[in-house]
Amino acid sequence: MAKVKITETVLRDSHQSLIATRMATSQMLPILEKLDEIGYHSLEAWGGATFDACLRFLNEDPWERLKKIRDKVKKTKLQMLFRGQNILGYRHYADDVVEYFVQKSIAGGIDIIRIFDALNDPRNLKTAIEATKKENGHVQAAISYTTSPVHDNKFFASYAKELEDMGADSICIKDMAGLLKPYDAFDLVKAIKEQVEVPVQLHTHYTSGLASMTVLKAVEAGADIVDTAISPMALGTSQPPTEPIVATLSGTEYDTGLDLNKLDEIAKYFDPLRAEYIKSGLLDPSVLKVDVNALLYQVPGGMLSNLVSQLKQAGKSDQLAAVLEEVPRVREDAGYPPLVTPTSQIVGTQAVFNIITGERYKSVTKEFRGLVKGEYGKTPVEIKPEFVKRIIGDEQPIAYRPADKIPPELETLREKVKAYYEQEEDILTYALFEQVAEKFFEYRKAVKYSVDLENVDKENKVHPV
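These numbers were taken from a predicted model, which means no experiment stands behind them.

Trainee: In this structure, what is going on with the pairing of strand 5 (residues 138-144)? I would like to understand it.
Mentor: For a regular strand, side chains alternate in direction, first toward one face of the sheet and then toward the other. Extensive coverage of strand 5 is indicated by the burial of six of its seven residues. Sheet topology places strand 4 (residues 112-115) next to strand 5; four bridges connect them, and they run parallel. When the sheet's bridge partners are listed, Arg114 is paired in strand 5 with Gln140. Regarding topology, helix 7 (residues 126-134) serves as the crossover connection from strand 4 to the parallel strand 5, and that connection is right-handed. Pairing of strand 5 with strand 6 (residues 170-175), which is carried by five bridges, proceeds in the parallel orientation.

Pasting the structure below:
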């Protein structure tokens, strides 16, 4: 067997999972050239929540971040996470927006686009896959891993084959909640490898404490690439640590070929950053503990913190156990969707409402109504007609691909962003996060204005002869 390849997640999912995506570009830049020398298969550096967090919390242009990373990373492929028809936002966008976003991402330096859909509805991946192929990017189509009466190895292997037939250059098993157990991973990878010819990659989280063992069994079953995070930014709700995986496989037929001494240099850079995150409160020690509830309730780390926050705001913190027990029931009612953005938030919030109101579905969120109606796509199991009627009344469920009814949006968006326009990418930034984008554009304008004033002031100073 060929050597196992490693995707390093420290620039994206690692800090998204541990510190709510607050690592600034300035904290990444000094180590990029050394990361580029390691010999990773790829660096996951963009997409997911990084786009939102750059604008909302860091006052950074995410497109500028991508450019700065690409300028320093010359040898290693850059990878991003893309939510299919949702792009990096929380609703479905028109096809022209999806296509343009893919075009600009690849033009900006992305090599591999990992595309997934929360419901594993292939219709929601179609446009993003075709757009990536058109731009000569690498399509990594992802399976949102979950467990339920219908989610078995046959289901996932069949879905992987369908994704390969749609044009996937590789398949990713995306275990966002750390649910995949070691021996299950072995069987799942085997089942998928029997169906597809393209490489298979494993992405998992340490939340439940299983991840390193799961990676090892997946490798033994034939996984070609695995996601890991450099040790100071690993464990807990992040990925398994890079160095122990490399050490474990060293000298075997799966040897990654990566140098532990060079990895130690990377770890030494992130050690003081980690200490800084802990000191500032960004890195809460609670996200580092093993949480076996992930296996019991299928609640990813980010979803758990949202539930805690919602209950706290309602003055019902003592109801957490009841909410965690309600989550699987709501998920069953809603057709067993995998719990990943945005379905994790939708199911979780509805479970909170069911508990704090004292009556199930007495109050139904707009998003949960949309999920049941079919606005997010086809659920893995057909929802019972009587439940659909209870939630949406006399409205008609959606049987078509949701984006089919979304008219082209680009020209309208172009008009709306005219007052702020500085680059073509601004149209896409505005499309995804309208109000947050406007606030960022105002900030950018103010900073530019103050810099211009400074320069004028310097030019007007009289210099002695």
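Trainee: What is the right way to look at the pairing of strand 7 (residues 200-204) in this model?
Mentor: The element strand 7 is extensively covered by neighbouring structure, given that five of its five residues are classed as buried. For strand 6 and strand 7, the ladder comprises five bridges, and the chain directions are parallel. From the neighbouring strand, Ile173 faces strand 7, where its bridge partner is Leu202. With respect to chirality, the unit in which strand 6 leads through helix 9 (residues 182-195) into the neighbouring parallel strand 7 is right-handed. Examined bridge by bridge, strand 7 and strand 8 (residues 225-228) share two bridges and lie parallel to one another. Across the sheet, residue Gln201 finds its bridge partner in strand 8, namely Ile225. With respect to chirality, the unit in which strand 7 leads through helix 10 (residues 211-221) into the neighbouring parallel strand 8 is right-handed.

Trainee: Quick question: what am I supposed to make of the pattern of salt bridges here?
Mentor: When charged atoms on two side chains of opposite charge get close, those side chains can pair. Enumeration over the complete set of coordinates arrives at 31 salt bridges. Lys67 is paired through a salt bridge with Asp71; the nearest N and O atoms lie 3.5 Å apart. Remark: Asp71 and Lys67 occur in helix 5 (residues 62-72); sequence separation between them is four residues, near one turn of the helix. According to the relative accessible area criterion, Lys67 is partly exposed, its value standing at 45%. With its nearest N and O atoms 2.8 Å apart, the salt bridge here joins Asp111 to Arg70. Placement of the pair is Asp111 in the loop between helix 6 (95-107) and strand 4 and Arg70 in helix 5, with a sequence separation of 41 residues. A cluster of three or more residues bridged by salt bridges with shared partners is formed by Glu326, Arg329, Asp333 and Arg360.

Trainee: Looking at this structure, how should I read the nonpolar core?
Mentor: The tendency in soluble globular proteins is for nonpolar side chains to be buried as a group. Phe82 and Phe101 are the most contacted members of the largest nonpolar core, which totals 99 residues. Not counting residues up to four positions away in its chain, the partners in contact with Phe82 are Ile87, Leu88, Val98, Phe101, Val102, Ile113, Arg114, Ile115, Phe116 and Ala128. Membership of the second largest hydrophobic core comes to 29 residues, among which are Leu324, Leu339, Ile355 and Ile383.

Trainee: Just to check I follow, could you spell out the side chain of Asp426 for this structure?
Mentor: Inspection of the secondary structure puts Asp426 in helix 20 (residues 425-432). Its relative accessible area of 1% is what places Asp426 among the buried residues.

Trainee: Any chance you could explain the packing of aromatic side chains here in plain terms?
Mentor: In this description, an aromatic ring pair is defined by two values, namely the gap between the centres and the angle between the planes. For the structure on display, the rule yields 18 aromatic pairs. Relative to Phe368, the ring of Tyr361 lies with its centre 5.7 Å away and its plane at 20 degrees, an arrangement referred to as stacked. Each member of the pair, Tyr361 as well as Phe368, is classed as buried. Residues Phe368 and Phe387 carry aromatic rings whose centres are separated by 6.3 Å and whose planes lie at 85 degrees to one another, so their mutual orientation is edge-to-face. Within this pair, whereas Phe368 is found in helix 17 (residues 366-373), its partner Phe387 is found in helix 18 (residues 385-392), the two being separated by 19 residues in sequence. The burial state of Phe368 is the same as that of Phe387; both residues are buried. Each member of the aromatic cluster is reached from another via a ring pair, and the members are Trp46, Phe51, Trp63, Phe82, Tyr90, Phe101 and Phe433. The ring of Phe57 carries Arg22 above its face, with NZ or CZ at 3.6 Å from the centroid.

Trainee: Just checking my understanding: could you explain the packing of helix 17 against helix 18 for this structure?
Mentor: The geometry of a pair of packed helices is captured by two quantities: the angle between their axes and the separation between those axes. Their axes nearest at 10 Å, the elements helix 17 and helix 18 cross at an angle of 145 degrees. The element helix 17 and its partner helix 18 pack so that their crossing is left-handed. From helix 17, Phe368, Arg369, Val372 and Lys373 reach across to helix 18, where they touch Phe387, Val388, Ile391 and Ile392.

Trainee: Looking at this structure, how should I read helix 18?
Mentor: An α-helix turns once every 3.6 residues. As a result, residues three or four positions apart point the same way. Along helix 18, the residues that are buried comprise Phe387, Val388, Ile391 and Ile392. For helix 18, the angular spread of buried residues about the axis comes to 110 degrees, placing them on one side. Opposite the buried face of helix 18, by more than 90 degrees, sit the exposed residues Pro385, Glu386, Lys389 and Arg390. Summarising the contacts, the buried residues of helix 18 are in contact with helix 15 (320-333) and helix 17. In the stretch just after helix 18, Gly393 is the one whose phi turns positive, near 65 degrees.

Trainee: What's the story with the packing of helix 11 (residues 242-249) against helix 12 (residues 260-280) in this structure? I'm lost.
Mentor: Interaxial distance between helix 11 and helix 12 falls to 10 Å at its minimum, and their mutual angle equals 175 degrees. As summarised for this structure, helix 11 and helix 12 are arranged roughly antiparallel, according to the angle between their axes. On helix 12, the residues touching Thr242, Glu243, Val246 and Ala247 of helix 11 are Leu260, Leu263 and Ala267. When the residues that make up the contact of helix 11 with helix 12 are grouped by side-chain class, the tally is five nonpolar, one polar and one charged.

About the thresholds
Residues numbered from 1 in each chain as written. Predicted model: local features only at pLDDT ≥ 70, side-chain atom pairs only at ≥ 80, totals over all residues. Heavy atoms only, no water. Buried < 20%, exposed > 50% of the residue type's maximum accessible area, 1.4 Å probe, protein only. Helix = DSSP H or I, 4+ residues; strand = E, 2+ residues; numbered from the N terminus. Pairing = 2+ DSSP bridges. Right-handed = clockwise from strand over helix to strand, strands pointing away. Salt bridge = Lys/Arg side-chain N within 4 Å of Asp/Glu carboxyl O. Core = buried A, V, L, I, M, F, W, Y, C linked by side-chain atoms within 4.5 Å. Contact = heavy atoms within 4.5 Å. Phe/Tyr/Trp six-rings, centres within 6.5 Å; stacked < 30°, edge-to-face > 60°. Lys NZ or Arg CZ within 6 Å of the ring centre and 35° of its normal. Axes fitted to C-alpha atoms, helices over the stretch in contact; angles between N-to-C directions. Left-handed = near helix turned anticlockwise from the far one by under 90°. Arc of directions from axis to C-beta. Parallel < 35°, antiparallel > 145°, perpendicular 65-115°, else oblique. Nonpolar A, V, L, I, M, F, W, Y, C, P; charged D, E, K, R; others polar.

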